[in-house]
Amino acid sequence: KKGFIEKIKSKIPPASERKKLVPLAMMFFFILFNYTILRDTKDVLMVTAKKSGAEVIPFIKTYVNLPAAIGFTALYSKLCDRMEQKDVFYACTIPFLVFFLAFAFIIFPNVGFLHPHAFVDKIAMALPEGFGAPLAIVRNWSFALFYVMAEMWGSVVASLLFWSFANEVTTVDEAKKYYPLFGLGANVALIFSGQYVRFVSAMRANLPPGVDPWGVSLKYLMGAVVASGGCLISLFSYMQRKVMTDPNCVDQEKQAAKKKKKKVKMGLRDSAKFLMSSSYIRDLAMLVISYGMCINLVEVSWKSKLKAAYPDPNAYSAFMGNFSSATGSVTLLMMLLGRKIFKHFGWRKAAMVTPTMIGVTGVAFYALTIFAPFFEPIAAGLGTTPLMLAVIVGAAQNILSKSSKYSLFDPCKEMAYIPLDQDSKTKGKAAVDVVGNPLGKSGGALIQQILIFGVGSLAAAT
């Protein structure tokens with residue numbers, strides 16, 4: 001019995017590690033809680049907007065999201081040169097929270113005035129049908145702006161700011177032990193936020209006539225995002241005061257050396273040359289770009305089917321809430337497996353799981369979409385329609401792809417940054433995570449745009 005208790009105690013991290021790991025896990029929880037709500041909301045806004053649909057997404061990712069990501073990378077490089085890393089965190093995070101609050105309480109209630117539908121309708125009459133998608137971005141510009149800000153929250157706060165900070169306070173050995181499990185608490189956030197989205201979407205049944213149900217839902221959703229963001233900033237402040245100054249948690253000599261080291265200020269062109277000169281950074285960028293292309297090709301086609309099945313914004317939002325909860329549950333299981341995979345098979349095999357998963361499940365989804373008449377008897381036998389079967393299989397594809405990314409692909413990528421010097425960590429990571437991800441999605445989006453212009457719609461293209 002004593003041996004069993006000792007064995008349990010040996011699995012518990014020492015106090016010095018718990019002091020930094022617990023608040024880091026909580027920070028990741030609040031970041032992903034917000035990202036899940038924002039990800040689900042941005043899709044509802046753009047896909048169900050007036051004269052819009054899933055075919056708008058490729059154009060947003062290429063012509064709005066990618067330029068915004070490149071611009072932010074240049075700004076982030078300047079901030080890193082002129083400010084301490086902790087101040088960069090505050091400077092990047094707080095504007096996001098201010099925007100999301102303003103969107104729900106100021107911008108969305110006035111979209112009837114702000115969106116130029118009549119003006120765009122006149123332009124649309126003189127253009128071919130294939131231009132409907134890019135024009136939908138102009139007519140629903142505030143929704144497109146929200147879409148980009150929500151995407152940037154994932155790239156900037158989750159991928160860049162959080163992991164940069166985590167890599168700063170953890171050692172390589174700690175990362176190998178805890179990064180695969182790091183997201184366990186965070187993926188509980190996917191379950192909680194998914195159910196919160198579903199709860200808010202269900203509130204429409206109790207609203208009096210004449211009240212915009214989606215407008216009310218949006219206020220509750222963005223209110224939760226701002227509250228969660230406040231908790232995130234409080235935890236980060238606590239770590240700066242209590243963890244970063246504790247020699248048992250962080251090597252104070254290394255921290256002092258970083259502060260003393262004179263920063264080399266580089267412009268955008270010099271930063272690009274610096275990054276391109278590193279084959280290590282280029283390889284990491286190719287991993288992220290390839291993932292973005294693959295997931296985008298399947299995801300946009302699936303969302304097109306999803307809109308056809310759930311045209312109402314609140315019904316769409318409720319489905320996405322359940323989808324996020326399922327993603328969180330599956331990711332929890334995958335993370336438990338992830339630690340075993342790292343231990344027994346190593347980094348290379350762990351990194352190969354995600355592309356294999358995307359390939360196999362993506363083929364299954366497109367087979368069901370392309371050969372829909374063949375699957376009609378099977379769908380009828382299951383008591384559903386080919387459309388709903390495509391929605392369910394597409395959801396399963398996304399859940400399995402995202403869960404393998406969160407549990408294996410992301411930890412593999414983050415471990416690869418730890419041995420790098422500080423400049424490569426900050427600027428290299430900014431380029432890879434903030435630009436690489438939207439660049440990959442834009443690559444997949446470009447293929448879809450060519451098909452949409454060629455055949456007139458996303459549905460015809462798939």
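Refer to the structure printed above.
Note that the structure is a prediction, hence the values are computed from the model and not measured.

So, helix α4 (residues 85–107)
Here α4 is 23 residues long and its end C-alpha atoms lie 32 Å apart, about the 33 Å a rise of 1.5 Å per residue gives. All buried positions along α4 are accounted for by Val 88, Phe 89, Cys 92, Thr 93, Phe 96, Leu 97, Phe 99, Phe 100, Phe 103, Ala 104 and Ile 107.

Section: the packing of helix α13 (residues 279–309) against helix α14 (residues 313–370)
Running from N to C, α13 and α14 point in directions that differ by 155 degrees, and their axes come no closer than 7 Å. Taken together, the axes of α13 and α14 lie roughly antiparallel to each other. Taken as a pair, α13 and α14 cross one another with a handedness that is right-handed. On α14, the residues that touch Tyr 291, Cys 294, Leu 297, Val 298, Ser 301, Trp 302, Lys 303, Lys 305, Leu 306 and Lys 307 of α13 are Tyr 316, Phe 319, Met 320, Phe 323, Thr 354, Ile 358, Gly 362, Phe 365, Tyr 366 and Thr 369. Looking at the contact of α13 with α14 residue by residue, the classes come out as 13 nonpolar, 4 polar and 3 charged.

Quick look at the packing of aromatic side chains
Here the structure, examined in full by the defined rule, presents 31 aromatic pairs. For the ring pair Phe 28 and Phe 162, a centre distance of 4.6 Å and an interplane angle of 5 degrees mean the geometry is stacked. Pair noted here: Phe 28 is in helix α2 (residues 15–47) and Phe 162 is in helix α8 (residues 141–169), with a separation of 134 residues, a long-range link. Aromatic rings pair up to connect Phe 96, Phe 99, Phe 100, Phe 103, Phe 108, Phe 143, Phe 146 and Trp 153 into one cluster.

Some words on α8
The first and last C-alpha atoms of α8 sit 40 Å apart over 29 residues, in line with the 42 Å expected at 1.5 Å per residue. When the local axis directions of α8 are compared, the greatest deviation, roughly 30 degrees, occurs at Met 152. For α8, the buried fraction is high: 26 of the 29 residues fall into the buried class.

So, the packing of helix α3 (residues 56–82) against α13
Relative to each other, α3 and α13 sit at 140 degrees, their axes nearing to 9 Å. In terms of orientation, α3 lies oblique with respect to α13. Residue-level contacts link Ile 57, Pro 58 and Lys 61 of α3 to Asn 296, Glu 299, Val 300 and Lys 303 of α13. A breakdown of the residues in the contact of α3 with α13 according to their chemical character gives 3 nonpolar, 1 polar and 3 charged.

Describing the side chain of Asn 34
For Asn 34, the position within the fold is in helix α2. Since its relative accessible area comes to 0%, Asn 34 is described here as buried. Setting aside chain neighbours within four positions, we find Asn 34 in contact with Leu 97, Trp 153, Ala 224, Val 225, Ser 228 and Gly 229.

So, the pattern of salt bridges
Applying the stated rule across the entire model yields 10 salt bridges. In this structure, the salt-bridge partner of Arg 39 is Asp 40, at a minimum N-O distance of 3.9 Å. A single burial state applies to Arg 39 and to Asp 40, both of which are buried. Close ionic contact of Asp 87 with Lys 86 constitutes a salt bridge, the shortest N to O distance being 3.6 Å.

Thresholds applied
- Residues numbered from 1 in each chain as written.
- Predicted model: local features only at pLDDT ≥ 70, side-chain atom pairs only at ≥ 80, totals over all residues.
- Heavy atoms only, no water.
- Helix = DSSP H or I, 4+ residues; strand = E, 2+ residues; numbered from the N terminus.
- Expected span 1.5 Å × (residues − 1).
- Buried < 20%, exposed > 50% of the residue type's maximum accessible area, 1.4 Å probe, protein only.
- Axes fitted to C-alpha atoms, helices over the stretch in contact; angles between N-to-C directions.
- Parallel < 35°, antiparallel > 145°, perpendicular 65-115°, else oblique.
- Left-handed = near helix turned anticlockwise from the far one by under 90°.
- Contact = heavy atoms within 4.5 Å.
- Nonpolar A, V, L, I, M, F, W, Y, C, P; charged D, E, K, R; others polar.
- Phe/Tyr/Trp six-rings, centres within 6.5 Å; stacked < 30°, edge-to-face > 60°.
- Bend = angle between axes of the 7 residues up to and from the residue.
- Salt bridge = Lys/Arg side-chain N within 4 Å of Asp/Glu carboxyl O.

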